[in-house]
Amino acid sequence: MESKTVKISELLDDYTDNEFFIDEESEVNIDKIKEKVIAKVSGKKTKIKPVAKIMIAAAAAAALTGMVSAAAVHGTMETYSVIAEEKAVQHKTDASADDLTEKLVDEDGNVIEVQEADGDKTQYEETLEIDGYDAGIVTDDSADVTEKLTDEDGNVIEAQKADSEADSSDKTDTFRFENE
Amino acid sequence: MTDNDIVNGLKKGKTKALEQLIDRYGKYVSSVISRILRGRNEDCRELSADVFLAVWENREKLRAENLKGYLGAAARNKAFNKLRNEWEELPLEEDMIIFDDGEQPCEAVERKETALLVNRAVNGLEPITKELFLRHYYYGQSVAEAADALGLSLSAAKTRLCRGRQTLKAILLKEGYDHGEQNCENK
């Protein structure tokens with residue numbers, strides 16, 4: 001035979017005592033209870049629920065991640081930009097250096113190369129043997145680029161070479177071919 | 001302001017309604033707790049505040065009907081839980097009514113609202129037995145304590161409690177108390 005039990009103390013949860021011990025004996029100050037409850041409730045009203053807190057934290061984290069990523073991308077792009085700029089400058093410099101390379105070709109088409117790559121002010125002298133001529137090449141920083149070719153008697157047979165390149169305008173190369 | 005107004009105010013989140021609830025039932029709640037805790041004003045104040053905070057937290061589910069009963073039950077639970085933490089077991093004499101298989105109150109008569117039924121059953125007890133019954137089972141007083149308060153001997157008090165349990169069971173069966181889903185399984 002199956003039996004069921006009911007706890008009397010739990011059963012009496014549904015009972016309302018309107019007869020015994022009502023409004024008596026308690027020395028508890030109701031105003032203090034009220035104060036405490038209202039203070040807690042008022043505090044709780046403005047409190048954010050845990051779920052909302054988590055969502056806000058997640059959103060903040062996502063935003064932060066986004067910012068960091070954006071910054072990283074921006075940084076990378078800037079780096080690329082700087083690298084690209086540097087490369088462009090390097091390229092330009094190389095190009096300029098190429099432009100600054102002056103080639104002197106002799107009568108047979110042999111290249112006698114005189115190079116001023118990075119715009120440094122250099123002066124050098126070298127001796128070349130060109131058909132009995134000793135070519136003394138002097139480079140200085142004077143305003144005009146002049147080439148002088150003199151014959152056996154010392155007469156100038158070829159006048160000058162004015163450098164029309166803008167970026168080499170600050171250079172003056174004087175080539176002096178002296179009779180050996 | 002009626003209980004209905006207070007409950008509606010609470011549901012709208014008005015703290016003014018909570019204040020009115022405390023004004024109206026604060027004394028009752030603290031009296032129930034105080035009786036169970038045998039004074040101890042500090043604990044009583046703490047638990048009373050907890051009851052009203054619980055009401056606030058669960059205000060969506062609150063019903064105006066039997067608001068006082070709801071508060072009383074909440075107060076009892078808080079106080080008993082406090083005692084259980086201290087004593088492990090409440091000193092209640094045979095805290096149960098046994099319904100045998102043949103006794104199917106939910107089949108016998110139409111279901112009625114539990115609170116109404118339990119109140120009617122307790123109020124159907126003989127006055128001295130009812131007070132003894134409530135002191136012991138509702139307020140958690142020991143049999144000796146309750147007997148002493150009513151000027152009864154311990155054995156006389158136990159006999160009355162036993163009689164009270166039988167009467168309560170008989171009333172519940174007669175009134176059609178539904179003592180849980182399990183009891184209606186064989187419907």
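Refer to the preceding data block for the structure.
The following refers to the structure shown. On a predicted model such as this, the values are computed, not experimentally measured, just so you know.

## Looking at the overall build of chain A
Here is step 1: Along its length, chain A carries 3 helices and 8 strands.
Here is step 2: Counting from the amino terminus, chain A carries its helices and strands in the arrangement β-α-α-α-β-β-β-β-β-β-β.
Here is step 3: Put simply, chain A has 180 residues, and 26% of those count as buried.
Here is step 4: Sequence separation of at least 24 residues holds for 51% of the intrachain contacts in chain A that already meet a minimum separation of 6.
Here is step 5: As presented, chain A carries roughly 12200 Å² of accessible surface, and 52% of it is formed by carbon and sulfur atoms.

## A closer look at helix 3 (residues 41–57) of chain B
Here is step 1: With 17 residues, helix 3 of chain B extends 24 Å between its outermost C-alpha atoms, agreeing within 8% with the 24 Å of an ideal straight helix rising 1.5 Å per residue.
Here is step 2: Those residues of helix 3 of chain B not exposed but buried are Cys44, Leu47, Ser48, Ala49, Val51, Phe52, Leu53, Val55 and Trp56 of chain B.

## Here we look at the packing of helix 1 (residues 3–11) of chain B against helix 2 (residues 15–37) of chain B
Residues and elements named next belong to chain B.
Here is step 1: Across the interface, helix 1 lies against helix 2 with an axial gap of 8 Å and an inter-helix angle of 140 degrees. Between helix 1 and helix 2, the interaxial angle falls into the category oblique. Helix 1 and helix 2 meet at a crossing whose hand is left-handed. Taking contact as the criterion, the partners of Asp3, Ile6, Gly9 and Leu10 in helix 1 are, on helix 2, Ala17, Leu18, Gln20, Leu21, Arg24 and Tyr25.

## A short note on the pattern of salt bridges
Here is step 1: Across all of its chains, the model carries 8 salt bridges over all chains by this definition.
Here is step 2: Taking the shortest distance from any N to any O, the salt bridge between glutamate 46 of chain B and lysine 36 of chain A comes out at 2.7 Å. Linking glutamate 46 of chain B in helix 3 with lysine 36 of chain A in helix 2 (residues 30–46), this pair reaches from one chain into another.
Here is step 3: Glutamate 46 of chain B sits in the partly exposed class, given a relative accessible area of 36%.
Here is step 4: The exposure class of lysine 36 of chain A is partly exposed, given its relative accessible area of 27%.
Here is step 5: For arginine 40 of chain B, the salt bridge identified is with aspartate 43 of chain B, shortest N-O distance 2.8 Å.
Here is step 6: With a relative accessible area of 21%, aspartate 43 of chain B lands in the partly exposed category.
Here is step 7: Each of Arg40, Asp43 and Lys82 of chain B takes part in one network of salt bridges that share partners.

## Re the side chain of aspartate 3 of chain B
Residues and elements named next belong to chain B.
Here is step 1: When you line up the elements, aspartate 3 lands in helix 1.
Here is step 2: Within the structure, the side chain of aspartate 3 is placed 2.7 Å from the side chain of tyrosine 25, a separation counted as a polar contact.
Here is step 3: Other than its neighbours up to four places away in sequence, aspartate 3 contacts Arg24, Tyr25, Ala64 and Leu67.

## Points about the packing of aromatic side chains
Here is step 1: The final tally for this structure, using the stated rule, is 3 aromatic pairs over all chains.
Here is step 2: Judged by centre distance (4.8 Å) and plane angle (55 degrees), the rings of phenylalanine 133 of chain B and tyrosine 137 of chain B are tilted. Linking phenylalanine 133 of chain B with tyrosine 137 of chain B, this pair stays in helix 7 (residues 127–138), spanning 4 residues, or about one helical turn.
Here is step 3: Here tyrosine 138 of chain B and tyrosine 139 of chain B contribute two aromatic rings whose centre-to-centre distance is 4.8 Å and whose plane-to-plane angle is 75 degrees, an arrangement assigned as edge-to-face. The pair formed by tyrosine 138 of chain B and tyrosine 139 of chain B is uniform in burial state, with each residue classed as buried.
Here is step 4: Through a chain of ring-to-ring contacts, the aromatic side chains of Tyr15 of chain A together with Tyr138 and Tyr139 of chain B assemble into a single cluster.
Here is step 5: Looking at arginine 59 of chain B, its charged tip hangs above the ring of tryptophan 56 of chain B, at a distance of 4.0 Å from the centre.

## Regarding the environment of leucine 125 of chain B
Residue and element names in this part refer to chain B.
Here is step 1: Note on placement: leucine 125 falls in the loop between helix 6 (114–123) and helix 7.
Here is step 2: Classification of leucine 125 as buried rests on a relative accessible area of 6%.
Here is step 3: Separated by 43 residues in sequence, leucine 125 and leucine 168 place their C-alpha atoms 7.4 Å apart.
Here is step 4: In contact with leucine 125, not counting residues within four places along its chain, are Lys130, Phe133, Gly164, Thr167 and Leu168.

## Some details on the environment of alanine 73 of chain B
Residues and elements named next belong to chain B.
Here is step 1: You can see alanine 73 is positioned in helix 4 (residues 67–87).
Here is step 2: We classify alanine 73 as buried; its relative accessible area is 10%.
Here is step 3: Separated by 65 residues in the primary sequence, alanine 73 and tyrosine 138 have C-alpha atoms spaced 9.3 Å apart.

## A short note on the side chain of arginine 59 of chain B
Residue and element names in this part refer to chain B.
Here is step 1: Among the structural elements, arginine 59 can be located in the loop between helix 3 and helix 4.
Here is step 2: Buried charged residue arginine 59 carries no salt bridge. Nearest counter-charge: glutamate 60, at 4.6 Å.
Here is step 3: Looking at arginine 59, its side chain comes within polar contact range of the main-chain oxygen of tryptophan 56, at 2.6 Å.
Here is step 4: Sequence-distant contacts of arginine 59, that is, excluding residues within four places in its chain, are made with Leu10, Lys11 and Gly13.

Thresholds applied
Along each chain, the written sequence defines residue order, and numbers are assigned to residues from 1. Chain letters and ligand numbers both follow the written order, the letters beginning at A and the numbers at 1. Local features in this predicted model are restricted to residues of pLDDT 70 or higher, and side-chain atom pairs are both shown and tallied only at a pLDDT of 80 or more, whereas totals for entire chains, interfaces and linings draw on every residue. The basis for every side-chain value is the complete set of non-hydrogen atoms in the structure, without hydrogens or water. Numbering of helices and strands runs from the N terminus, with a helix taken as a DSSP run of H or I at least four residues long and a strand as a DSSP run of E at least two residues long. Relative accessibility under 20% of the residue-type maximum defines a buried residue, over 50% an exposed one, and the middle range a partly exposed one, all with a 1.4 Å probe and only protein chains included. By definition, residues are in contact when any of their heavy atoms lie within 4.5 Å. All accessibility values rest on the Shrake-Rupley procedure with a 1.4 Å probe; residue burial counts only the protein chains present in the view. To estimate the expected span of a helix, count its residues, drop one, and scale the result by 1.5 Å. Note on definitions: angles span 0 to 180 degrees between N-to-C directions of axes, and those axes are lines fitted to C-alpha atoms, for helices only across the stretch in contact. An angle below 35 degrees is read as roughly parallel, one above 145 as roughly antiparallel, one from 65 to 115 as roughly perpendicular, and any other as oblique. By convention the crossing between two helices is left-handed if the near helix lies anticlockwise of the far one by an angle smaller than a right angle, and right-handed if it lies clockwise. Basic side-chain nitrogens of Lys or Arg form a salt bridge, by our definition, when they fall within 4 Å of a carboxyl oxygen of Asp or Glu. Two N or O atoms count as a polar contact when they lie within 3.5 Å, although within protein this holds only if one can serve as hydrogen donor and the other as acceptor, and sequence-adjacent residues are included solely when both atoms are side-chain atoms. Pairing of aromatic rings covers Phe, Tyr and Trp, the last counted by its six-membered ring, and requires centre-to-centre distances within 6.5 Å; plane angles under 30 degrees mean stacked, over 60 mean edge-to-face, and any other angle means tilted. Ring-over charges, as used throughout, are those where CZ of Arg or NZ of Lys falls within 6 Å of the ring centre and within 35 degrees of the ring normal. In this tally Asp and Glu are treated as negative and Lys and Arg as positive; neither His nor the chain ends contributes.

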